[in-house]
Amino acid sequence: MSKKVPFAIKETEYCPECGAELVIRNGSHGPFYACSSYPSCNYLRSLKSQGDGHIVKELDGQTCPACGFTLVLRQGRYGMFIGCSHYPECEHTELIDKPDDTSINCPQCQQGKLFQRKSRFGKTFHSCSRYPDCQFALNNKPVPGECMFCHYPLLMEKRTSQSIKLFCASKLCSKQQFNEIEKENE
């Protein structure tokens, strides 16, 4: 049984480097065009659309601070973002959701502040503003305070089945913190 190509080729394309015919190959990242005179010519071109983000909507009245053209809303690889309409000449981009500044000092480097960020999977975490120099990251919400057991300068909120509780942010300690009212009840 023969394999069928899911798309039809309308006309033959030729390599811009050597002039040989381009053939469709399949790789680990999907189908691509390759020069038929490989290995003497290494020309490759992806069949997928480029990952620079397609335009969803033009933002009227907002201009690019770098070049002065209008800004557009784009759908990219990691979600929506605002970018210049004259990409790739102007590479200005902005985030839609600005990271929240918690105004809590980083406990690891003592110089940066903790910012709320989103991973490529959409999960919220907090990390140091001095990244990549300081690689401190926390998956839970940071709370200013000191651990009563190890005196680490940061606590974190964890949602448990009973309620929201405070724990030490140090990976070595991670003990639950008790306030004075909880100590009296035990």
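Let me sum up the structure you'll find in this document. (Residues numbered from 1 in each chain as written. Predicted model: local features only at pLDDT ≥ 70, side-chain atom pairs only at ≥ 80, totals over all residues. Heavy atoms only, no water.)

## As for the sheet that holds strand β6 (residues 79-84)
Next, step 1: Pairing in this open sheet of 4 strands is antiparallel, and the strands run β4-β5-β6-β7 from one edge to the other. Here the strands that pair on one side only, and so sit at the sheet edges, are β4 (54-63) and β7 (93-94).
Next, step 2: With 2 bridges connecting them, β6 and β7 associate as antiparallel partners. Each residue of the ladder has a partner; that of Ile-82, found in β7, is Glu-94. (Pairing = 2+ DSSP bridges. Helix = DSSP H or I, 4+ residues; strand = E, 2+ residues; numbered from the N terminus.)

## A few points about the pattern of salt bridges
Next, step 1: Following the criterion strictly, the structure yields 1 salt bridge and no others.
Next, step 2: A salt bridge links Arg-45 to Glu-13, with the nearest nitrogen and oxygen atoms 2.9 Å apart. Taken as a pair, Arg-45 in strand β3 (residues 44-46) and Glu-13 in the segment before β1 (22-27) lie far apart in primary sequence, 32 residues in all. (Salt bridge = Lys/Arg side-chain N within 4 Å of Asp/Glu carboxyl O.)

## Focus: the side chain of Arg-74
Next, step 1: The topology assignment puts Arg-74 in strand β5 (residues 70-76).
Next, step 2: Taking the relative accessible area as the measure of exposure, Arg-74 reaches 7% and is therefore buried.
Next, step 3: There is a polar contact of 3.2 Å between the side chain of Arg-74 and the backbone oxygen of Cys-84. (Buried < 20%, exposed > 50% of the residue type's maximum accessible area, 1.4 Å probe, protein only. Polar contact = N/O pair within 3.5 Å; in protein donor to acceptor, adjacent residues only side chain to side chain.)

## Structural notes on a nonpolar patch on the surface
Next, step 1: A cluster of nonpolar side chains, namely Val-56, Met-80 and Ile-96, defines an oily patch on the protein surface of about 240 Å² accessible area.
Next, step 2: Note that Val-56 resides in strand β4.
Next, step 3: On the accessibility criterion, Val-56 (45% relative accessible area) is partly exposed. (Patch = residues over 30% accessible without salt bridge, like charges linked within 9 Å, V, L, I, M, F, W, Y side chains within 5 Å. Areas by Shrake-Rupley, 256 points an atom, 1.4 Å probe, with all protein chains shown as cover.)

## So, the sheet that holds β1
Next, step 1: In space, the 3 strands of this open sheet follow the order β1-β2-β3, with antiparallel pairing throughout. Every interior strand has two partners, whereas the edge strands, β1 and β3, have only one. Adjacent strand axes in the sheet meet at a mean angle of 35° when their direction is disregarded.
Next, step 2: Pairing of β1 with strand β2 (residues 30-35) involves 6 bridges; the strand directions are antiparallel. Following the sheet pairing, Val-23 is matched in β2 by Ala-34. (Axes fitted to C-alpha atoms, helices over the stretch in contact; angles between N-to-C directions.)

## Considering the pairing of strand β9 (residues 113-118)
Next, step 1: Pairing geometry for β9 and strand β10 (residues 124-128), over 5 bridges, is antiparallel. Each residue of the ladder has a partner; that of Gln-116, found in β10, is His-126.
Next, step 2: The hairpin formed by β9 and β10 contains 5 residues between the paired strands, and Gly-122 there has a positive phi angle of roughly 90°.

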